Protein chains: 2
Amino acid sequence: MARITVAFQGARGAFSEQACKQLLGDDLSFKPFERFVDIYDALEQKKVRYAVAPIENTLAGSVHENYDHLIQYQFPIIAETRVRIVHNLIGRPGAKFGDIKRAISHPVALGQCLTFFKTNRQIRAESHYDTGGSVKTVMEGTDPTLAAIASAAAAEYYGAQILKREIEDNRENFTRFFLLTRKAPKRPAKSAGEMKTSIAFITKNSPGSLFRCMSALALRDLSLTKIESRPLKGRPWEYMFYVDFLGSPEDPRWRHAMNQLEEMTEQLAVLGCYPQAT
Amino acid sequence: MARITVAFQGARGAFSEQACKQLLGDDLSFKPFERFVDIYDALEQKKVRYAVAPIENTLAGSVHENYDHLIQYQFPIIAETRVRIVHNLIGRPGAKFGDIKRAISHPVALGQCLTFFKTNRQIRAESHYDTGGSVKTVMEGTDPTLAAIASAAAAEYYGAQILKREIEDNRENFTRFFLLTRKAPKRPAKSAGEMKTSIAFITKNSPGSLFRCMSALALRDLSLTKIESRPLKGRPWEYMFYVDFLGSPEDPRWRHAMNQLEEMTEQLAVLGCYPQAT
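Residues numbered from 1 in each chain as written. Chains lettered and ligands numbered in written order. Predicted model: local features only at pLDDT ≥ 70, side-chain atom pairs only at ≥ 80, totals over all residues.

(A) The arrangement of the relation of the copies chain B and chain A in detail. At an RMSD of 0.1 Å, chain B and chain A line up after a rotation of 180 degrees and a shift of 0.0 Å along the axis. In the structure described here, the two chain copies are related by an operation that fits a two-fold rotation axis. Considering only C-alpha atoms, the part of chain B nearest the rotation axis is Glu228(B), at 2.1 Å. In this assembly, 100% of the residues forming the interface of chain B have copies in chain A that are likewise at the interface, indicating an isologous arrangement. (Least-squares fit on C-alpha atoms with pLDDT ≥ 70 in both. Contact = placed C-beta atoms within 7 Å.)

(B) Fine view of the nonpolar core. Counting residues in each nonpolar core, the largest one holds 111 residues, and the members touching the most others are Ala51(A), Val52(A), Ala51(B) and Val52(B). Ignoring sequence-local partners within four residues, the contact set of Val52(A) consists of Val6(A), Phe8(A), Ser16(A), Ala19(A), Cys20(A), Leu23(A), Phe177(A) and Leu179(A). Ranked by size, the runner-up nonpolar core spans 27 residues in total, among them Leu110(A), Phe116(A), Tyr157(A) and Leu163(A). (Core = buried A, V, L, I, M, F, W, Y, C linked by C-beta atoms within 7 Å. Buried ≥ 20, exposed ≤ 12 C-beta atoms within 10 Å, placed from the backbone.)

(C) The interface of chain B and chain A, seen in detail. Counting from both sides, the interface comprises 31 residues of chain B and, opposite them, 31 residues of chain A. Mapped onto the side of chain B that touches chain A, the elements with two or more residues apiece are strand E4 (61–62), helix H3 (64–73), helix H8 (209–218) and strand E13 (224–231) of chain B. Its residues placed into classes, the side of chain B that touches chain A shows 13 nonpolar, 11 polar and 7 charged. (Helix = DSSP H or I, 4+ residues; strand = E, 2+ residues; numbered from the N terminus. Nonpolar A, V, L, I, M, F, W, Y, C, P; charged D, E, K, R; others polar.)

(D) Spotlight on the sheet that holds strand E9 (residues 146–150) of chain B. Residue and element names in this part refer to chain B. Strand order in the open sheet formed by 5 strands is E8-E7-E9-E6-E10, and the pairing between neighbours is mixed. On the outer flanks of this sheet lie strand E8 (124–127) and strand E10 (161–164), each paired with one strand and no other. Each neighbouring strand pair of the sheet contributes to a mean axis angle of 40 degrees, computed without reference to strand direction. Bridge count for strand E7 (residues 102–105) against E9 is 3 bridges, and the pairing is parallel. Paired with alanine 103 across the strands is alanine 147, a residue of E9. Against the sheet, helix H6 (residues 131–140) touches strand E6 (88–91), E7 and E9, its axis set at about 160 degrees to E9. (Pairing = 2+ DSSP bridges. Axes fitted to C-alpha atoms, helices over the stretch in contact; angles between N-to-C directions.)

(E) A look at the packing of H8(B) against helix H9 (residues 252–264) of chain B. Residue and element names in this part refer to chain B. H9 packs onto H8 with a crossing angle of 170 degrees between their chain directions and a minimal axis gap of 8 Å. It follows that H8 is roughly antiparallel to H9 by the angle criterion. Counted together, Arg212, Cys213, Ala216 and Leu217 of H8 and Ala257, Gln260, Leu261 and Met264 of H9 form the full contact between these two elements. Considering only residue class, the contact of H8 with H9 consists of 6 nonpolar, 1 polar and 1 charged. (Parallel < 35°, antiparallel > 145°, perpendicular 65-115°, else oblique.)

So this is what it looks like as structure tokens:
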């Protein structure tokens, strides 16, 4: 039987791959791509059934580029998940922590492990194109003093050995991912969580317009879980807003709120309704 | 006469250095640091008079880490500026574009120049720790086929030559920077722009609380220029909000709005009042 195909950005063993597993289970056929836009193209061209995209990180903020693609391609969000970003020192099987002299990884990952390098001055940090790819490089060589910094999933994928777990400076490093497909199922999968809706809208260019838009939700006691403004290119004083709130179309309040938003915005897009991650 | 000292994160020739120049002029003594937290420490320990920190990027979103430091250290924001992120192919003096075989830079910069590499397949992209540092590496060597990808400022600083300008995929790549100091001047420098105020607050944990907080500004016709929510660590359903709006303490509406926000929030911090960048 054909396995479920899923596109993500990055190399095998990337944190996006872990998000795919959390969202779809383990029996997957992974299609890694170099750029975010490639995963949307793969979905459009029916090369994959699903795509998984990071949308925000607790330290680094929203990935605006993926919001742009969501609005342009109009693929519905059908689920969300959170992945804790954990960095590990990873060596060849049989390697010893005390022998490691160099650690390679993506500079962003190296920059999130500064305390580790300060307390282990015998290990030199060296940049590499990709976290998952750094494990591949370590495994392709024979150097027992070379290690990579990457996810536990990357270590597992390449058959490498974790020498030290959780070496990142900040334990509150989480990335939220969306699961996308071409057409949302009529009924979402049964879930313990409440339903969440993600919308994006452009307000009319008048004072207090966001306040009036937000009244569409507030007057109906629909709880916000995210709001973010983004200035519009070449349109000073006009903004795109990203809003997440608890609710789904089965709730009459949801439909009334959307009607009011249609009336009070210049443009409104429902990006998806999906079970809230627990 | 002693030059003005300013701390920033990154190597010489970084985009933060360009922000320093836009904010403070050319006659500066630059103090580059490895991590964001280091620039706040330098300011606290009076090693520098100013610090410059990136707060958001049009493609990558807000730099939450710097909001954390702003709230913790309580240094006032006294100015803002926007830097367009322009990537250039940079070689040694006398190098020719047609001879370049390898281009080194920070992976984030390489990832923003994918179209360039697709149309110039003779040039291989290789990762390096830093954009500015990649120019330094090119200049320290003697290889006429090696180039760096970095800002024009980095090319100038290291005496290198720009072989191709503006090779980035997206021209709408801007980063907003804040200028910080230990104590805000009583009166801001004369400016053509309106005054802007940045605040951060935590809402009380009850439905519609953000809506009530926003009424403090909306009922007084104070225009929002940014709003962003951020979940609080370990406190589900509670959020920190970042809000920018046009106004300053000289305006009575500003004081009334702050009084209402004090009443309706659990915690309120004024991060600074400063002339809006034009």
